[in-house]
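Chains, contacts and geometry: an overview
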Protein chains: 2
Amino acid sequence: MSTAFQAFGSTGRRRFDLSVYLVTDTRLSGPRGVAAVAAAAVRGGVTLVQLRDPDATTRSLIEAARQLQAVLAPLGIPLIVNDRVDVALAVGADGVHLGDRDMPAETARRLLGPELIIGVTVHDAAEARAVDAAIADYAGIGPVFATSTKAEARPAIGVDGFRTLREQVPLPVVGIGGIDAALAAAVVAAGADGVAVVSAICAAADPEAAARAIRGAVTNGRGTA
Amino acid sequence: MSTAFQAFGSTGRRRFDLSVYLVTDTRLSGPRGVAAVAAAAVRGGVTLVQLRDPDATTRSLIEAARQLQAVLAPLGIPLIVNDRVDVALAVGADGVHLGDRDMPAETARRLLGPELIIGVTVHDAAEARAVDAAIADYAGIGPVFATSTKAEARPAIGVDGFRTLREQVPLPVVGIGGIDAALAAAVVAAGADGVAVVSAICAAADPEAAARAIRGAVTNGRGTA
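The notes below deal with the structure included here. As the structure is a computational prediction, the values presented were derived from the model and not from experiment.

Rules and cut-offs
Residues numbered from 1 in each chain as written. Chains lettered and ligands numbered in written order. Predicted model: local features only at pLDDT ≥ 70, side-chain atom pairs only at ≥ 80, totals over all residues. Heavy atoms only, no water. Pairing = 2+ DSSP bridges. Helix = DSSP H or I, 4+ residues; strand = E, 2+ residues; numbered from the N terminus. Axes fitted to C-alpha atoms, helices over the stretch in contact; angles between N-to-C directions. Contact = heavy atoms within 4.5 Å. Salt bridge = Lys/Arg side-chain N within 4 Å of Asp/Glu carboxyl O. Buried < 20%, exposed > 50% of the residue type's maximum accessible area, 1.4 Å probe, protein only. Right-handed = clockwise from strand over helix to strand, strands pointing away. Least-squares fit on C-alpha atoms with pLDDT ≥ 70 in both. Parallel < 35°, antiparallel > 145°, perpendicular 65-115°, else oblique. Left-handed = near helix turned anticlockwise from the far one by under 90°. Nonpolar A, V, L, I, M, F, W, Y, C, P; charged D, E, K, R; others polar. Buried area = accessible area lost by both parts, 1.4 Å probe. Polar contact = N/O pair within 3.5 Å; in protein donor to acceptor, adjacent residues only side chain to side chain. Expected span 1.5 Å × (residues − 1). Arc of directions from axis to C-beta.

Right, let's talk about the sheet that holds strand 4 (residues 95–98) of chain B for a bit. Residue and element names in this part refer to chain B. In spatial order, the strands read 1-2-3-4-5-6-7-8; together these eight strands close into a barrel with parallel pairing. Averaged over all pairs of adjacent strands, the angle between their axes in this sheet comes to 25°, without regard to strand direction. Bridge count for strand 7 (residues 173–176) against strand 8 (residues 194–197) is three bridges, and the pairing is parallel. In the strand pairing of strand 8, I176 is matched with A196. Sheet contacts for helix 3 (residues 58–72): strand 2 (48–51) and strand 3 (79–82); angle to strand 2, the most-contacted strand, approximately 170°.

Written as structure tokens, this is what we have:
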């Protein structure tokens, strides 16, 4: 079993476990609502939740973050906010995830202080080299497989591309992009500390069962890493 | 002349003058760029600039804010950021303007501290009553006239509607919505401390001349208030 079974953050940071990293999707969650889908997913083994809704107003993002916190905080599951440092600060979330169109990580670290978790996205070797492990706590590498949940997604890098980038990033990493229970083990075997999942959980009829299957696949992938 | 000739903020807040309040529009500014339009407008008499671009990414908003600061800070003209407390904090702007879909003002005050300027939008009597003068520093009331620069704008309230709401808001106020040099004096005569302008400056062939005409109209309006 990999020593990365639980990938905790640096000293002073809040602890986190990347094993099954749920990225919320408001549309795919449908009338169930994001908080209910996340609650079910956590019962199935999700270890961290990122609130992502690039179309939402600031006020509705704050409301969605508070609803997620009510579900997650009692269970000790960290809440990460995509892009929006203001929303993370407003609700007291555990961190932010920053892509290349978001606030630079060094600016976010200054605003968030030393304890909050900062994740960054890596698409290619240049971005892998640019990761500052003194500032960021983890990286999402992808898209590993083709995905339809993100507008303007880049070409899939595949498992081999993931492995190459993973070796260049001196942080815990999740693979992201089109990962489901059938594909998760291969990503973990290629060096991921966990997998980030959107549609395989948010679009599932049974998000708890979907999360449980992915959690099992992550464990299996560690056995073969 | 009205005592509101210069409407400064509360003790402890950064000072501001609402006389001619430019709200930037990236599309209307065109290839000249927002910073160049703002620079010209300030030469013409703009007293405060709000960066507004609801379609921009966080990173490009930060870049736009920095470009505006480079123009405005040497001249002592405050920079206000629409909606985004994160962007305001990242660049050290002078404040934020918050609409009803943005962060609640009390949350923003907690994140921004006592010195930064917070403006709020008032569309109707209920919103006028909800203004907390201990938290907000000024209000934008409107739309006074019909406007095409804001998606999903509400019906125009007219000068009489403006006057009614203005009397209910215990803060300095600007009128906003379709105001140009021909209409500015009437809004000021109805109790505005200044006028907020988008297209009358951003779409003008000569933003400096446009701002100068509006500044003159504001002065004239005070003479008849």
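On to the pattern of salt bridges, then. Side chains that carry opposite charge are capable of pairing whenever their charged atoms lie near each other. Overall, the coordinates contain 22 salt bridges over all chains when judged by the stated rule. Between R166(B) and D193(B) there is a salt bridge, with the nearest N and O atoms lying 3.2 Å from each other. Here the residue R166(B) occupies a position in helix 7 (residues 158–168), and D193(B) occupies one in the loop between helix 8 (181–189) and strand 8, the gap between them amounting to 27 residues. Across the pair, exposure class does not vary: R166(B) and D193(B) are buried alike. Taken together, the shared-partner salt bridges connect R84(A), D86(A), R84(B) and D86(B) into one network.

This part takes up the environment of L183(B). All names here are of chain B. Within the secondary structure layout, L183 lies in helix 8. Classification of L183 as partly exposed rests on a relative accessible area of 28%. A C-alpha to C-alpha distance of 35 Å links L183 and T107, two positions 76 residues apart in sequence.

As a further point, take the sheet that holds strand 8 (residues 194–197) of chain A. Residues and elements named next belong to chain A. Strand order in the closed barrel formed by eight strands is 1-2-3-4-5-6-7-8, with parallel pairing between adjacent strands. With strand direction ignored, the average angle separating the axes of adjacent strands in the sheet is 25°. With three bridges joining them, strand 6 (residues 138–141) and strand 7 (residues 173–176) adopt parallel strand pairing. Among the inter-strand pairings, A139 is bridged to a residue of strand 7, identified as V173.

All names here are of chain B. Of the two faces of strand 8, both are covered, the one formed by G194 and A196 as well as the one formed by V195 and V197. Where strand 1 (residues 20–23) lies against strand 8, three bridges are found, and the strand directions are parallel. Looking across to strand 8, one finds that L22 is bridged to V197. Viewed along the sheet, the connection from strand 7 through helix 8 into strand 8 turns out right-handed.

Now for the relation of the copies chain A and chain B. Overlay of chain A on chain B (RMSD 0.0 Å): rotation 180°, translation along the axis 0.0 Å. Here the copies are linked by what is in effect a two-fold axis. Taking C-alpha positions as the reference, the residue of chain A nearest the rotation axis is D86(A), at 2.3 Å.

Turning our attention to the packing of helix 2 (residues 34–44) of chain B against helix 3 of chain B. Residue and element names in this part refer to chain B. With their axes 9 Å apart at the nearest point, helix 2 and helix 3 run at an angle of 25° to one another. As judged from the angle between their axes, helix 2 and helix 3 are roughly parallel. Once helix 2 is placed against helix 3, the crossing between them reads as right-handed. On helix 3, the residues that touch V34, A35, A38, A39 and V42 of helix 2 are Q67, L68, V71 and L72. Counted by class, the contact of helix 2 with helix 3 contains eight nonpolar, one polar and no charged residues.

Once that is clear, we can look at the interface of chain A and chain B. With 19 residues of chain A at the interface, the matching set in chain B holds 19 residues. Between chain A and chain B, the buried area comes to about 1,600 Å², and carbon and sulfur atoms account for 56% of it. Summed over the shared surface of chain A and chain B, the number is two salt bridges. With a shortest N-O distance of 3.7 Å, D86(A) and R84(B) are connected by a salt bridge. Applying the counting rule to chain A against chain B returns 12 residue pairs in polar contact (both at pLDDT 80 or more). At the level of elements, helix 3 (58–72), helix 4 (85–91) and helix 5 (105–112) of chain A are the ones that each hand at least two residues to the side of chain A that touches chain B. A per-class count over the side of chain A that touches chain B returns seven nonpolar, four polar and eight charged.

Residues and elements named next belong to chain B. Helix 10 (residues 207–224) packs onto helix 8 with a crossing angle of 30° between their chain directions and a minimal axis gap of 7 Å. By the angle class used here, helix 8 and helix 10 are roughly parallel. For the pair helix 8 and helix 10, the sense of crossing is right-handed. Contacts between helix 8 and helix 10 involve A181, A184, A185, V188 and A189 from the former and A213, I214, A217, V218, G221, R222 and T224 from the latter. When its residues are assigned to classes, the contact of helix 8 with helix 10 shows nine nonpolar, two polar and one charged.

Glancing now at helix 10 (residues 207–224) of chain A. Residue and element names in this part refer to chain A. Between its first and last C-alpha, helix 10 extends 26 Å over 18 residues, near the 26 Å set by a 1.5 Å rise per residue. Those residues of helix 10 that sit buried are P207, A210, A211, I214, A217, V218, G221 and R222. Buried residues of helix 10, seen end-on, are gathered within an arc of 145° and therefore sit on one face of the element. Residues of helix 10 that are exposed and point over 90 degrees away from its buried face: N220, G223 and T224. Packing partners of the buried residues in helix 10 comprise strand 1 (20–23), helix 2 (34–44), helix 8 (181–189), strand 8 and helix 9 (199–202).

Any link to function would need more than the numbers given here.
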